[in-house]
Amino acid sequence: MFGIKTRVKKGWKAFKYASHNLNTSHTADLDALLLCHALEKGMGTQYVKHGFGQEKATKLSEMLTVMWKSGNTHTFAFQESLAILKAYIKFQNEDGIKLPEIEKRVNELNKSFDNSCNGGYYIGGGTEFLAGTNIDFPTFVYSRHSMRTYSSVPVTNEEILKAIELAKRAPSACNRQPWHLYYSFDSAKIDAIRKSVPSQAFLQDTPYFGVITVDKSLFGAAEINQWFVNGGIFTSFLILALHHLGIGSVVLQYTMFNNTEPELRKALDILDTDEIVAVIGYGKYPDEAKCICAQRRPNEEIAILR
């Protein structure tokens, strides 16, 4: 009975957060991000239509003025959008197109707002594109294992932030970057996360846990599954970033209809707009540990050539 009630509740929440009937600031953030990404992507394509995107740019500049008047200038969506509009104006000016109304709005916003974001595009080259070929990536990925044993060496907050700095390079739908990582060094909160996943013996010796969520309010009604796609991509980047820093991890099963969710949300003060997509356990690598073989399927079984 619990499962049916929970599924109905989850289904209703999915509709609620995808229907755009949220508070004004969340709706504005989503709409602004979609518009600014369309403009930036347009500038970054090889062949750009002359005068492209003026209707979108006008709408975005009007939206930013409304956001500014309402005091909603601290968000990533506002700052990113303003930076991209500045780049868009410069791009069009260099193409011989003047946009006086848009430029006026952007200049007014710039007078009262210090923005550190960059927008637009830059010309990358072969050295940058091929830098990854100089990395011993096979050794890196083969050396990572799902760890269930850890050392007593503590993980620091600085290390977590370094991992986030790398993991946030993960691609996301329209660069929405909808992820959050909830984590703690408080033993009671760590234990709350531990109790939220199916019980396994090794969890008692797992020193740290993190909860990965995705902001549902940044997706539309046709994008509900994208919560988990975007969250899954970020999770992969995060566990590889942790590995790079000498931190082992394991992705733990967290079912969508988990009856421990209310307690977990309360313990970590997880936002109601955030959907929990994964839980990870992590800690510093030990000098020695058992690693299961975990064989992989044949390549031809995964790569389907037609």
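Definitions and limits used
- Residue positions are given per chain, counted from 1 along the sequence in the order it is written.
- Only residues with pLDDT of at least 70 get local features here, since the model is predicted, and only at 80 or more are side-chain atom pairs given and counted; chain-wide, interface and lining totals rely on the full set of residues.
- With hydrogens and water stripped out, all remaining heavy atoms of the structure feed into the side-chain values.
- Patches here are clusters of residues that have more than 30% relative accessible area and form no salt bridge, with a 9 Å joining cutoff for like charges and a 5 Å cutoff for nonpolar side chains (Val, Leu, Ile, Met, Phe, Trp, Tyr).
- Accessible surface area values rest on a Shrake-Rupley calculation with a 1.4 Å probe, where residue burial reflects the displayed protein chains alone.
- Any Lys or Arg side-chain nitrogen located within 4 Å of an Asp or Glu carboxyl oxygen qualifies as a salt bridge.
- Under the scheme used here, helices are H or I runs from DSSP no shorter than 4 residues and strands are E runs no shorter than 2 residues, and both carry numbers assigned from the N terminus.
- Working definition: with a 1.4 Å probe on protein chains only, accessible area under 20% of the residue-type maximum means buried, over 50% means exposed, and in between means partly exposed.
- Each residue after the first adds 1.5 Å to the expected span of a helix.
- Two aromatic rings from Phe, Tyr or Trp, using only the six-membered ring of Trp, form a pair when their centres are within 6.5 Å; if the ring planes differ by under 30 degrees the pair is stacked, by over 60 it is edge-to-face, and anything between is tilted.
- Over a ring means this: the NZ of a Lys or the CZ of an Arg is within 6 Å of the ring centre and within 35 degrees of the ring normal.
- Whenever a nitrogen or oxygen atom comes within 3.5 Å of another N or O atom, the pair is scored as a polar contact, on the condition that within protein one atom can donate a hydrogen and the other can accept it, and that pairs from neighbouring residues in sequence are kept only if both atoms are in side chains.
- Any two residues having at least one pair of non-hydrogen atoms within 4.5 Å are treated as being in contact.
- If DSSP finds at least two bridges between two strands, the strands pair.

Caption draft 1: A look at a nonpolar patch on the surface. On the surface, Ile135, Phe137, Val141 and Tyr142 cluster together into a nonpolar patch covering about 440 Å² of accessible area. For Val141, the location among the structural elements is in helix 7 (residues 137-142). The class for Val141 is partly exposed, based on a relative accessible area of 31%.

Caption draft 2: Region of the structure containing helix 4 (residues 76-94). Here helix 4 spans 27 Å end to end across 19 residues, near enough to the 27 Å set by a 1.5 Å rise per residue. Of all 19 residues that make up helix 4, 14 are buried, and the element is covered over most of its length. Just beyond helix 4, the residue with positive phi is Gly96, at close to 85°.

Caption draft 3: Representation of the environment of Thr156. Its place among the elements puts Thr156 in the loop between helix 7 and helix 8 (157-167). With a relative accessible area of 32%, Thr156 lands in the partly exposed category. It is 37 Å that separates the C-alpha atoms of Thr156 and Asp31, two residues lying 125 residues apart in sequence.

Caption draft 4: Fine view of the packing of aromatic side chains. The full count for this structure, using the stated rule, is nine aromatic pairs. Consider the rings of Phe185 and Tyr208, whose centres lie 5.8 Å apart with planes at 80°: the pair is edge-to-face. With Phe185 in the loop between strand 1 (179-183) and helix 9 (187-194) and Tyr208 in strand 2 (residues 208-215), this pair connects stretches of sequence that are 23 residues apart. By relative accessible area, which is 40% here, Phe185 ends up partly exposed. With relative accessibility at 11%, the residue Tyr208 sits in the buried group. The rings of Phe52, Tyr88, Phe91 and Tyr121 are connected pair by pair, giving a single aromatic cluster. Against the face of Phe202 rests Arg148, its NZ or CZ located 5.6 Å from the ring centre.

Caption draft 5: Local environment of helix 3 (residues 54-69). An ideal rise of 1.5 Å per residue puts 22 Å on 16 residues; helix 3 measures up with 23 Å between its terminal C-alpha atoms. For helix 3, the full list of buried residues reads Ala57, Leu60, Ser61, Met63, Leu64, Thr65 and Met67. Positive backbone phi, at 80°, marks Gly71, one or two positions downstream of helix 3.

Caption draft 6: Looking closely at the side chain of Lys284. Mapping Lys284 onto the fold places it in strand 4 (residues 274-284). For Lys284, the side chain forms a polar contact with the side chain of Glu159, separated by 3.1 Å. Lys284 has contacts with Tyr150, Ser151, Val153, Pro154, Val155, Glu159, Gly246 and Ile247, leaving out every residue within four places of it along the chain.

Caption draft 7: Highlighting the pairing of strand 2. The element strand 2 is largely enclosed, with a buried count of eight among its eight residues. Covered by surrounding structure in strand 2 are Tyr208, Gly210, Ile212 and Val214 together with Phe209, Val211, Thr213 and Asp215, the residues of both alternating faces. The pairing of strand 1 with strand 2 spans five bridges and is antiparallel. Each residue of the ladder has a partner; that of Leu181, found in strand 2, is Ile212.

Caption draft 8: Inspection of unusual backbone geometry at higher detail. Phi is positive for Cys174, close to 55°, though the residue is something other than glycine. With a relative accessible area of 27%, Cys174 lands in the partly exposed category. Positive phi values are uncommon outside glycine, yet Ala294 reaches one of about 45°. Here Ala294 shows up in the loop between strand 4 and helix 12 (299-302).

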